[in-house]
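Residue strings, one per chain:
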Amino acid sequence: QVQLVESGGGLVQAGGSLRLSCAASPSIGSFVDMGWHRQAPGKQRELVAAVTRGGITNYADSLKGRFTISRDNTKNMVYLQMNNLKPEDTAVYYCAAHDSTYLYWGQGTQVTVSS
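The structure reproduced in this document is the subject of the present report. In this numbering scheme, every chain counts its residues from 1 along its sequence in written order. At least 70 in pLDDT is required for a residue's local features to be given in this predicted model, at least 80 for side-chain atom pairs to be given and counted, and no such filter applies to totals for whole chains, interfaces and linings, which use all residues. For side-chain calculations, the full set of non-hydrogen atoms in the structure is used, while hydrogens and water are omitted.

## Considering the environment of Tyr93
Let me state the cut-off plainly: Going along the chain from the N terminus, every DSSP run of H or I of four or more residues is numbered as a helix, and every run of E of two or more is numbered as a strand. It only takes one pair of heavy atoms within 4.5 Å for two residues to be counted as in contact.
As for its position among the elements, Tyr93 is in strand E9 (residues 91-98). Sequence separation between Tyr93 and Ser7 is 86 residues; the distance between their C-alpha atoms is 9.6 Å. Excluding residues that lie within four positions of it along the chain, Tyr93 makes contacts with Glu6, Leu20, Trp36, His37, Arg38, Val48, Phe67, Leu80, Met82, Gly108, Thr109 and Val111.

Here it is as structure tokens:
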């Protein structure tokens, strides 16, 4: 059974940093790619960043340079380092994993950036 558990969200002031973590089971090697999405109140869920099994990364254009996705295959973890956070980054952040058939979601973690 696939499980994705996010952690690391919270309240931070504008300009601050947070690192989100996603613990995946079974092994993240079983997924074609993994990523982070976010959903702000009243808005559609959007892709933040993704990383393939081979380590190729993809970012939302507006977030390049501030957010970095990484994976640790030995720990079955995917991370999202978020720097220079802005109030508009406030959202629920979801970990996602794609195994070429299904797209799985975590329960989400709230990130709130105060001005």
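Here the narrative resumes.
## Points about the sheet that holds strand E1 (residues 3-7)
What counts, and what does not: Pairing between two strands is assigned when DSSP locates at least 2 bridges connecting them. Between N-to-C directions, angles cover 0 to 180 degrees, with each direction set by a line fitted to C-alpha atoms, over the stretch in contact for helices.
Taken together, four strands build an open sheet; the order of strands is E1-E3-E8-E7 and the sheet is antiparallel. Only two strands of the sheet have a single neighbouring strand rather than two, namely E1 and strand E7 (67-72). Taking the axes of each pair of neighbouring strands and ignoring which way they run, one obtains an average angle of 15° across the sheet. Sheet topology places strand E3 (residues 18-25) next to strand E8 (residues 77-82); six bridges connect them, and they run antiparallel. Bridge pairing links Ala23 to Met77 in E8.

## Comments concerning the pairing of E9
Spelled out, the test is: Three labels apply to residues, based on accessible area from a 1.4 Å probe with only protein chains included: buried if under 20% of the type maximum, exposed if over 50%, partly exposed otherwise in between.
The buried fraction of E9 is high, at six of eight residues. Of the pairings in the sheet, the one linking strand E4 (residues 33-39) to E9 comprises seven bridges and is antiparallel in character. Bridging from a neighbouring strand, Asp33 pairs with His98 of E9. Bridge count for E9 against strand E11 (residues 109-114) is three bridges, and the pairing is antiparallel. Bridge assignment links Tyr93 to a residue of E11, and that residue is Thr109. For E9 and strand E10 (residues 103-105), the ladder comprises three bridges, and the chain directions are antiparallel. Across the sheet, the residue bridging to Ala97 is Tyr104, located in E10.

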